[in-house]
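Analysis of the macromolecular model
Take a look at the letters that make up each chain.
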Amino acid sequence: MKLNTFIDSHPLITAVVIFIFAFLLTLAGRAILFKFLKHYSKNEDQIIFESMQKRLQGSFFIFVPCIIVHIAVSYLDIEMEHVVWIQKLLEVAIIISMAIIIIRLINVFQDVLFSKYDISQADNLKARKARTQIMYVKKIAMVIVAVLAVAIILLSFDSVRKYGATILTGAGVAGIIIGFALQKTLANLFAGIQIAFTQPIKIDDAVVVENEWGWIEEINLTYVVVRIWDMRRLVLPITYFTETPFQNWTRSTAQILGSVFLYIDYTLPLEPLRKHFDEVLESTSMWDKDAKAFQVTDTSEKTMTIRLLMTAKNSPTAWDLRCYVREHMIEFIQKEFPQCLPRTRATLEGNLFSNNTNAVEQAFGH
């Protein structure tokens, strides 16, 4: 009886106590859940448990105590006006908390799919295509969840529902105005959808944009981040890749062809240089043994140009391979044929030298 009397005489305090009790109960349930996830995440095959442990970290599941209090408050001796506002606030907290949990579970779903598409492999074209689509769909899903959460919150208030017809009537005019104001943003959004499914670019593609060499690092809803070779980041609107020509070196395969140019004197014999080039490639695992070429591609009045071609499994490896081959070929020429390095020749004609000597002697009276 005393407990019932206290509850009837102090309903707000009772509601707070119920919330605290429900919150502590939720924390205990959360601890048990994470202990369960930690136990099963040790198994390499259970990627979903590892991802849930990582993604749900920091989530307090506020919606559980809020639901309990929302049910309990209607049974307490509180004025109906206060009950309505308390329940509305609890409903907002429930919707926001559940939206956050759903967004984090979307990230878990992404991690599970990513585990099936490993881009660290040499032939990763299929994986890069899939990852690009997964990331873009994930971002759209997150936006939809956020929009739906806001819409449900607004519709939970009678004042918004009451004037729903007015809002819908003005929505057409507002939509036109917003469309003009956000036409660039909307163009970026639709360009992103186009890129996600036609895929002129994919995650980790090697590209040349704005005269910069780099790799596609992020494809977001309205912009793309390119990681430049020197670790700078070039941020471009996503419409850039649908409206501006650019180079994509790995669109159909991750394999890439690297080239090295040597400028040497005409007196250098080519066969020893060709053999050493083969030896250099055979000595490194960076060459994927698919293709190579040794060609004299140009000549000038001073030097001949030799182009060395070699393939590698991806663009970073190709860059390292080019530097490796260039260094060893130059070292070989320096040691074996130093006289064949580029030089400028001059010829002094005998008669011309004699005439110039006589002129000098006459000038000085000798």
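What this report covers is the structure whose coordinates are included nearby. These numbers were taken from a predicted model, which means no experiment stands behind them.

A word on the overall build of the protein
- Of the regular secondary structure elements, the protein holds 13 helices and eight strands.
- Out of the 366 residues in the protein, the part that is buried amounts to 34%.
- In the protein, of all internal contacts separated by at least 6 residues, the share reaching a separation of at least 24 is 65%.
- Total accessible area computed for the protein in this model is approximately 23,000 Å², and 63% of it derives from carbon and sulfur atoms.

Considerations on the pairing of strand β7 (residues 292-299)
- In terms of strand pairing, β7 meets strand β8 (residues 304-312) through seven bridges, oriented antiparallel. Following the sheet pairing, K292 is matched in β8 by M310.
- Here β7 folds back onto β8, and the loop between the two strands holds four residues.

Looking at unusual backbone geometry
- With a phi angle near 75°, D204 is a residue other than glycine that sits in the positive phi range.
- Mapped onto the fold, D204 is located in the loop between α9 (183-198) and β1 (206-209).
- The residue M231 is not glycine, and still its phi comes out positive at about 75°.
- With respect to the helices and strands, the residue M231 is situated in the loop between β3 (223-228) and β4 (233-237).

Here's the deal with the pairing of strand β6 (residues 256-264)
- The two faces of β6 differ: I256, G258, V260, L262 and I264 on one face are buried, but L257, S259, F261 and Y263 on the other face are not.
- For β6 and β8, the ladder comprises nine bridges, and the chain directions are antiparallel. Paired with F261 across the strands is R307, a residue of β8.

Some remarks on helix α3 (residues 47-55)
- Within α3 the residues assigned to the buried category are F49, S51 and M52. Down the axis of α3, the sector holding all buried residues measures 165°, keeping them to one side.

Conventions used here
Residues numbered from 1 in each chain as written. Predicted model: local features only at pLDDT ≥ 70, side-chain atom pairs only at ≥ 80, totals over all residues. Heavy atoms only, no water. Helix = DSSP H or I, 4+ residues; strand = E, 2+ residues; numbered from the N terminus. Buried < 20%, exposed > 50% of the residue type's maximum accessible area, 1.4 Å probe, protein only. Contact = heavy atoms within 4.5 Å. Areas by Shrake-Rupley, 256 points an atom, 1.4 Å probe, with all protein chains shown as cover. Pairing = 2+ DSSP bridges. Arc of directions from axis to C-beta.

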